[in-house]
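Next come the chains, spelled out residue by residue.
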Amino acid sequence: MQVALLPVLRDNYLFVLHDGRRAALVDPAVADPAIAWLRQRQLELVAVLHTHHHSDHIGGTPALLREWPGAAVVAARDDRERIPFQTRGVADGDRFTLLGQPVEVLAVPGHTRAHIAFHLPLQGELFCGDTLFAAGCGRLFEGTPEQMHRSLQRLAALPETTRVWCAHEYTEGNLRWAAAQRPGDGAIAERLAAVRLTRAQAGPTIPSSIGEERRTNLFVRAADPEQLAALRRSKNDWTG
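The name given to the chain in an unreviewed UniProt entry is Hydroxyacylglutathione hydrolase, with the source organism recorded as Aphanothece cf. minutissima CCALA 015. On record in UniProt, under Sequence similarities (unreviewed entry), the comment for the chain is "Belongs to the metallo-beta-lactamase superfamily. Glyoxalase II family." Per UniProt, the chain carries the Function (unreviewed entry) text "Thiolesterase that catalyzes the hydrolysis of S-D-lactoyl-glutathione to form glutathione and D-lactic acid."

Here it is in structure tokens:
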């Protein structure tokens, strides 16, 4: 199975998982780019996976279902009211097979109350929505620092080679903020330099890896919820 990322809107990514015949999408903010990509490659859409209910993650699904009405829509069952077109509601610990690959559902609240992530252990892929960003984490819109700290530590416990497919291109801004907080941190400075070069060439910084996040993500490195809360306030107010 292969993974492709499609940049959409201002800084979103939607992800295409495919085996050359069938495809699944993760967090389609809009439909048209995905439809064009799939049609060009003659792929059949069989599933749509949602990490949470925000419009820039589910907005394209109704139009996709008009094109492929048989596609399954997998989302948190606790968010059925906010993702009403889901056909399979899942919860923490659920497992299912997607394109021949096992998928584990991880509850990772903090950004929203019912946020989930999808982990493909055999391929070493993690689709984490807006919980874990490259060098950052999501804002605490519905959750608490305790929840976010627990969620990030859970994701950080995955194998370090796991590829992290987060849903936004925020990496350079996150690292500029982190470098301002920890000016003597060589790992952060080195990653920021590499990311700046990638972005100067209009390349994506996604995926990252769990190992890279352990080394350079201040939110993942936070010792406790209180430290995470202080970092989140700092990032919220940062204008650098």
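**Student:** Any chance you could explain helix H4 (residues 145-156) here in plain terms?
**Tutor:** Three- or four-residue spacings in an α-helix give side chains the same orientation, since the helix completes a turn every 3.6 residues. With twelve residues, H4 should cover 16 Å at 1.5 Å per step; its first-to-last C-alpha distance of 16 Å lies within 8% of that length. When H4 is considered as a whole, its buried residues turn out to be Met148, His149, Ser151, Leu152, Leu155 and Ala156. Burial along H4 is one-sided: seen end-on, the buried residues are contained in an arc of 165°.

**Student:** Just to check I follow, could you spell out the environment of His18 for this structure?
**Tutor:** Along the chain, the position of His18 falls in strand S2 (residues 12-18). Along the primary structure His18 and Arg95 are separated by 77 residues, whereas in three dimensions their C-alpha atoms are 19 Å apart. Apart from residues no more than four positions distant in its own chain, His18 is found in contact with Met1, Gln2, Ala23, Trp37, Leu43 and Leu99. From its side chain, His18 meets the backbone nitrogen of Gly20 in a polar contact 3.3 Å long.

**Student:** Help me understand helix H6 (residues 186-200) in this model?
**Tutor:** Between its terminal C-alpha atoms H6 stretches 21 Å, which fits the 21 Å expected from 15 residues at 1.5 Å a residue. For H6, the complete set of buried residues consists of Ile188, Arg191, Leu192 and Val195. Looking straight down H6, one finds its buried side chains confined to an arc of 105°; they lie on one side. Turned more than 90 degrees off the buried face of H6, the exposed positions are Glu190, Leu197 and Ala200. Against the buried residues of H6 lie helix H5 (171-181), strand S14 (208-209), helix H7 (210-216) and helix H8 (218-221). Among the residues of H6, the N-terminal cap falls to Asp185, whose side-chain oxygen and the backbone nitrogen of Ala187 are separated by 3.1 Å. At the C-terminal side of H6, Ala202 shows a positive phi close to 65°.

What counts, and at which threshold
Residues numbered from 1 in each chain as written. Predicted model: local features only at pLDDT ≥ 70, side-chain atom pairs only at ≥ 80, totals over all residues. Heavy atoms only, no water. UniProt positions renumbered as here; feature names shortened; annotations may be inferred. Helix = DSSP H or I, 4+ residues; strand = E, 2+ residues; numbered from the N terminus. Expected span 1.5 Å × (residues − 1). Buried < 20%, exposed > 50% of the residue type's maximum accessible area, 1.4 Å probe, protein only. Arc of directions from axis to C-beta. Contact = heavy atoms within 4.5 Å. Polar contact = N/O pair within 3.5 Å; in protein donor to acceptor, adjacent residues only side chain to side chain.

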